[in-house]
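Tertiary structure, described
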Amino acid sequence: MENTDLLGKARQDLLDDMKERSIGAIIWDNASAGFQFIPEINLATDPEQQPDVSRIMGLYRYQGTLYLIEEEKAHVDFNDYYDEDTEVKPTVVTLTEAIARKTLGDPTTEPGFTTAGTLEEWLTIADDYFEALNEAREESPANP
């Protein structure tokens, strides 16, 4: 199987998992997540260019496509998803599909959303996605 086939399968598997869990978007705080690997992609289109590295802060499932949410490029503020006066800051926030669409908008017209990345970068992000799900489960008062 070629890398492009594997990349498509990796994306589809993540998309399917998010759909099965009713997750429209998952957003994590890179500063506190403690991932084993840093979720980054290189957006440079030419190997001769300087790297254009973008740190990823989550995944957004929108109309059958999975988008990476670029930290500091997307108009997404992790702090908007909890009340700092009454709640402890979470490491991970999951949004339903309806809330994700309402708060994140159309990723094809908003800055900071991409489908770029190599197979290796997407595999790292997939690993971080599952680590984030575990973190969210541990933080949830309903799941001791």
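Residues numbered from 1 in each chain as written. Predicted model: local features only at pLDDT ≥ 70, side-chain atom pairs only at ≥ 80, totals over all residues. Heavy atoms only, no water.

Looking now at a negative patch on the surface. Together, D83, E84, D85 and E87 make up a region of like negative charge exposed at the surface. Tracing the sequence through the fold places D85 in the loop between β4 (65–70) and β5 (92–95). (Patch = residues over 30% accessible without salt bridge, like charges linked within 9 Å, V, L, I, M, F, W, Y side chains within 5 Å. Areas by Shrake-Rupley, 256 points an atom, 1.4 Å probe, with all protein chains shown as cover. Salt bridge = Lys/Arg side-chain N within 4 Å of Asp/Glu carboxyl O. Lys, Arg positive; Asp, Glu negative; His and termini not counted. Charge placed at Lys NZ, Arg CZ, Asp CG, Glu CD. Helix = DSSP H or I, 4+ residues; strand = E, 2+ residues; numbered from the N terminus.)

A few words now on the pattern of salt bridges. In this structure the tally under the stated criterion is 8 salt bridges. One salt bridge in this structure joins D52 and K73, with 3.9 Å as the shortest N-O distance. Of the two residues, D52 sits in the loop between β2 (40–42) and β3 (53–62) while K73 sits in the loop between β4 and β5, which places them 21 residues apart along the sequence. Across the pair R101 and E97 runs a salt bridge, and its minimum N-O distance is 3.4 Å. Residue R101 and its partner E97 are located together in helix α3 (residues 97–104), separated by 4 residues, close to a single helical turn.

Averaged over the protein, the pLDDT score is 89; the fraction of residues at 70 or greater is 94%. Per-element confidence in the protein ranges from a low mean pLDDT of 88 for helix α2 (residues 30–33) to a high of 97 for β4. (pLDDT = per-residue confidence, 0-100.)

Here we take up the packing of aromatic side chains. Summed over the entire model, instances satisfying the criterion amount to 4 aromatic pairs. For the pair W28 and F35, a centre-to-centre distance of 5.4 Å together with 85° between the ring planes defines the contact as edge-to-face. Residue W28 shares its accessibility class with F35, and that shared class is buried. When the centroid spacing of 4.8 Å and the interplanar angle of 70° are considered together, the rings of Y129 and F130 count as edge-to-face. Classification of Y129 as buried rests on a relative accessible area of 0%. Under the relative-accessibility criterion, F130 is labelled partly exposed at 36%. Taken together through their ring pairs, the aromatic side chains of Y60, Y62 and F113 make up a single cluster. (Phe/Tyr/Trp six-rings, centres within 6.5 Å; stacked < 30°, edge-to-face > 60°. Buried < 20%, exposed > 50% of the residue type's maximum accessible area, 1.4 Å probe, protein only.)

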